[in-house]
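Understanding the architecture of this molecule
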Amino acid sequence: PDVRPCQGPKEINAPTHSRDRKGGSAMRKGFTLIELLIVIMVIAILIGIALPRFRGMQDEASTTKAAAELRTLQTAVESWYIHRNPHVYPTAGATWETALTTATPQIIGAVLIDPFNGTTQYGYALSGDGRYYVIWSVGPNGSGTLTISNTGVVGGADANDIYVSNGTSGTGGF
């Protein structure tokens, strides 16, 4: 039989890495300044990429909301017209939507606020002869005033304006 000499008990807690032994470098605890700076830079780059996309999604959501509310207001204005004798559209002015909320029967439950400025109602203008109207949101650029002629042509609109009208459409309308 093959007999080997006894080498004695093995040390159970023997170090397994050279860095763990006395005289070697101690285990690191924490991160270096360079590592932290790299992590911060990567996070900043990711935020820089995500933030414009998020802003674009907010503008898209506001555009969709404005378009839906403008269609609702257009239906409300047409309902106002149908229920009046003689047939007339609501008078233009700073509180034109109030007429729709106080009408009998009630046409809309509350004044709708333009999502792009958040403090005022949608714009509304009548043609000089009262036959045509335009209802608009200021859109993503946050400004704009539209007009409508006696032939139903919408004026003052740019590509950022969102509007509805019973006249002819230009750019930006729905």
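In short, a report on the structure. Because the structure is predicted, anything quoted here is derived from the model rather than measured.

Let's shift gears to the sheet that holds strand β2 (residues 133-137). The three strands are arranged β1-β2-β5 in an open sheet whose pairing can be described as antiparallel. Either end of the sheet is taken by a strand with one partner, and the two such strands are β1 (123-126) and β5 (162-165). Each strand of the sheet is rotated relative to its neighbour by a mean of 15°, with strand direction disregarded. In this sheet, β2 lies alongside β1 in antiparallel orientation, the contact comprising four bridges. Bridging across to β2, alanine 125 finds its partner in valine 134.

Leu73, Val77, Trp96, Leu100, Tyr122, Tyr124 and Ile135 are the most contacted members of the largest nonpolar core, which totals 20 residues. Among the secondary structure elements, those contributing two or more residues to this core are α1 (33-82), α2 (96-101), β2 and β5. Broken down by element, this core gets its largest block of residues, six residues, from α1. Sequence-distant contacts of leucine 100, defined by excluding residues within four places in its chain, comprise Leu73, Ala76, Val77, Trp80, Pro90, Gln106, Ile107 and Ile108. Grouped together as the second largest cluster of nonpolar side chains are eight residues, Trp136, Ile148, Val154 and Tyr163 included.

The end-to-end C-alpha separation of α1 is 73 Å, in line with the 74 Å expected for 50 residues at 1.5 Å each. Listing the buried residues of α1 in full gives Ser62, Ala66, Ala67, Glu69, Leu70, Leu73, Ala76, Val77 and Trp80.

Attention now moves to the side chain of serine 62. Following the sequence through the fold, serine 62 ends up in helix α1. Here serine 62 is in contact with Pro115 and Phe116, once residues within four sequence places are set aside.

Take unusual backbone geometry next. Of note, the amide linkage connecting asparagine 85 to proline 86 takes the cis form, showing an omega dihedral of 5°. Assignment of secondary structure puts proline 86 in the loop between α1 and α2. Proline 105 follows threonine 104 through a cis peptide bond whose omega is 0°.

Rules behind the numbers
- Residues numbered from 1 in each chain as written.
- Predicted model: local features only at pLDDT ≥ 70, side-chain atom pairs only at ≥ 80, totals over all residues.
- Heavy atoms only, no water.
- Pairing = 2+ DSSP bridges.
- Helix = DSSP H or I, 4+ residues; strand = E, 2+ residues; numbered from the N terminus.
- Axes fitted to C-alpha atoms, helices over the stretch in contact; angles between N-to-C directions.
- Core = buried A, V, L, I, M, F, W, Y, C linked by side-chain atoms within 4.5 Å.
- Buried < 20%, exposed > 50% of the residue type's maximum accessible area, 1.4 Å probe, protein only.
- Contact = heavy atoms within 4.5 Å.
- Expected span 1.5 Å × (residues − 1).

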